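Overview (structure and organization)
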Amino acid sequence: MNLPLRRRLAAEAVGTALLVAVVAGSGIQAERLSRDAGVALLANSLATVLGLGVLIALLAPVSGAHFNPVVSLAAWWQGRREPAGLALPEAAAYAGAQIAGAVAGAALANAMFDLPVVEWSAHARFAGHLWLAEAVATAGLVLLVFGLARAGRSHLSAPAVAAYIGAAYWFTSSTSFANPAVTIGRAFTDTYAGIAPASVGPFVAAQLLGGLVGVGLVAILFPALAAPAPTSRPAAAEPESAHP
């Protein structure tokens, strides 16, 4: 975890870009292949689970595989008293790399399906129950990532986080974006996984609130267990889409 910051930022940008490409691309493919909404969501969620698990396993040794500004901010907070913890400027740089990667990933998905590279989404997701779902999904994600880290089980992050996001596709009304970077990126694709720009702000606010709740739950359920392992840079993601 003591790799140069530029390498870690590159891993966060590439990982988030590929994550959004998986989420948006599989959504486009699913919608084209099936008119059944349930089948389309199943295909989209399955592709996201598989892609997210692979990306975490691949890039966690480089950057921690956050792919999510909420996770990076929580990592800074959890490790702020640790010499090897993620510093606040680093967390901010992670967030910038993640957002840039998410936008690039949406553009890549559009291009792969012969759509305009950048196309603002018209898919409005503006309702209180969706914001509640995003807060719940993000709180659960943060609890999972840092709970595993404090319990010394970070090696389970790839399958556990992927499985959680896959489940959250189905048990939340918002299909679990749970990730501000992925939410912003998905505004750039007017496809199945898109979100209208006007809907982004409340989603991000709900995700940040959920992150605070998740950090609080970690403190309650896993108080001062050993050293916070890779809490400073745990392996986790977004998702986005659902998404992460």
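Coordinates for the structure precede this section.
Residues numbered from 1 in each chain as written. Predicted model: local features only at pLDDT ≥ 70, side-chain atom pairs only at ≥ 80, totals over all residues. Heavy atoms only, no water.

Some words on a nonpolar patch on the surface
The grouping of Leu209, Leu212, Val213, Leu217, Ile220 and Leu221 at the surface amounts to a nonpolar patch, some 580 Å² of accessible area in total. Following the sequence through the fold, Leu212 ends up in helix α8 (residues 197-221). (Patch = residues over 30% accessible without salt bridge, like charges linked within 9 Å, V, L, I, M, F, W, Y side chains within 5 Å. Areas by Shrake-Rupley, 256 points an atom, 1.4 Å probe, with all protein chains shown as cover. Salt bridge = Lys/Arg side-chain N within 4 Å of Asp/Glu carboxyl O. Helix = DSSP H or I, 4+ residues; strand = E, 2+ residues; numbered from the N terminus.)

Overview of α8
Taking 1.5 Å per residue as the helical rise, α8 with its 25 residues ought to reach 36 Å, and the 36 Å between its terminal C-alpha atoms agrees with that figure. Turning to α8, its buried residues number three or more, namely Ser199, Val200, Phe203, Val204, Ala206, Gln207, Gly210, Gly211, Gly214, Val215 and Val218. Structurally, α8 contributes buried residues whose contacts are with α3 (69-78), α5 (128-150) and α7 (180-186). (Expected span 1.5 Å × (residues − 1). Buried < 20%, exposed > 50% of the residue type's maximum accessible area, 1.4 Å probe, protein only. Contact = heavy atoms within 4.5 Å.)

Digging into α3
Extensive coverage of α3 is indicated by the burial of seven of its ten residues. Looking only at α3, the buried set comprises Pro69, Val70, Val71, Ser72, Ala74, Ala75 and Gln78. Those residues of α3 that are buried are in contact with α4 (88-112), α5, α7 and α8. Two or three places before Val70, at the start of α3, stands the capping residue Asn68, its side-chain oxygen 3.0 Å from that residue's backbone nitrogen. (Polar contact = N/O pair within 3.5 Å; in protein donor to acceptor, adjacent residues only side chain to side chain.)

So, unusual backbone geometry
Positive phi values are uncommon outside glycine, yet Asp114 reaches one of about 60°. Structurally, Asp114 is set in the loop between α4 and α5. Exposure remark for Asp114: the relative accessible area of 72% places this residue in the exposed category. A positive phi angle, near 55°, is found at Ala178, a position not held by glycine. Structurally, Ala178 can be placed in the loop between α6 (157-171) and α7.

Regarding the environment of Val23
Secondary-structure assignment places Val23 in helix α1 (residues 5-33). Separated by 179 residues in the primary sequence, Val23 and Pro202 have C-alpha atoms spaced 21 Å apart.

Section: the packing of α1 against α4
Closest axis-to-axis distance for the α1/α4 pair is 6 Å, and the angle between their directions is 35°. As for the relative orientation of α1 and α4, their crossing is right-handed in sense. Judged by residue contacts, Leu5, Arg8, Leu9, Glu12, Ala13, Thr16, Ala17, Val20, Ala21, Ala24, Gly25 and Ile28 of α1 engage Glu90, Ala93, Tyr94, Ala97, Gln98, Gly101, Ala102, Gly105, Ala106, Leu108, Ala109 and Asn110 from α4. Partitioned by chemical class, the residues of the contact of α1 with α4 number 15 nonpolar, six polar and three charged. (Axes fitted to C-alpha atoms, helices over the stretch in contact; angles between N-to-C directions. Left-handed = near helix turned anticlockwise from the far one by under 90°. Nonpolar A, V, L, I, M, F, W, Y, C, P; charged D, E, K, R; others polar.)

Structural notes on the pattern of salt bridges
Summed over the entire model, instances satisfying the criterion amount to one salt bridge. Close ionic contact of Glu90 with Arg8 constitutes a salt bridge, the shortest N to O distance being 2.9 Å. Of this pair, Glu90 sits in helix α4 while Arg8 sits in helix α1, placing them 82 residues apart in sequence.

Some remarks on the packing of α5 against α6
A pair of packed helices is characterised by two quantities: the angle between their axes and the separation of those axes. Relative orientation of the contacting elements α5 and α6 amounts to 165°, with a least axis distance of 11 Å. As judged from the angle between their axes, α5 and α6 are roughly antiparallel. Two packed elements cross with a definite hand, and for α5 against α6 that hand is right-handed. Note on element contacts: α6 touches α5 through Ser157, Ala160, Val161, Tyr164 and Phe171, opposite Val136, Ala137, Gly140, Leu141, Leu144, Val145 and Leu148. Residue classes in the contact of α5 with α6 are distributed as ten nonpolar, two polar and no charged. (Parallel < 35°, antiparallel > 145°, perpendicular 65-115°, else oblique.)

Observations regarding the nonpolar core
Leu19, Leu52, Ile56, Phe67, Phe146 and Val161 are the most contacted members of the largest nonpolar core, which totals 46 residues. In terms of residue count, the dominant contributor to this core is helix α2 (residues 37-63) (seven residues). (Core = buried A, V, L, I, M, F, W, Y, C linked by side-chain atoms within 4.5 Å.)

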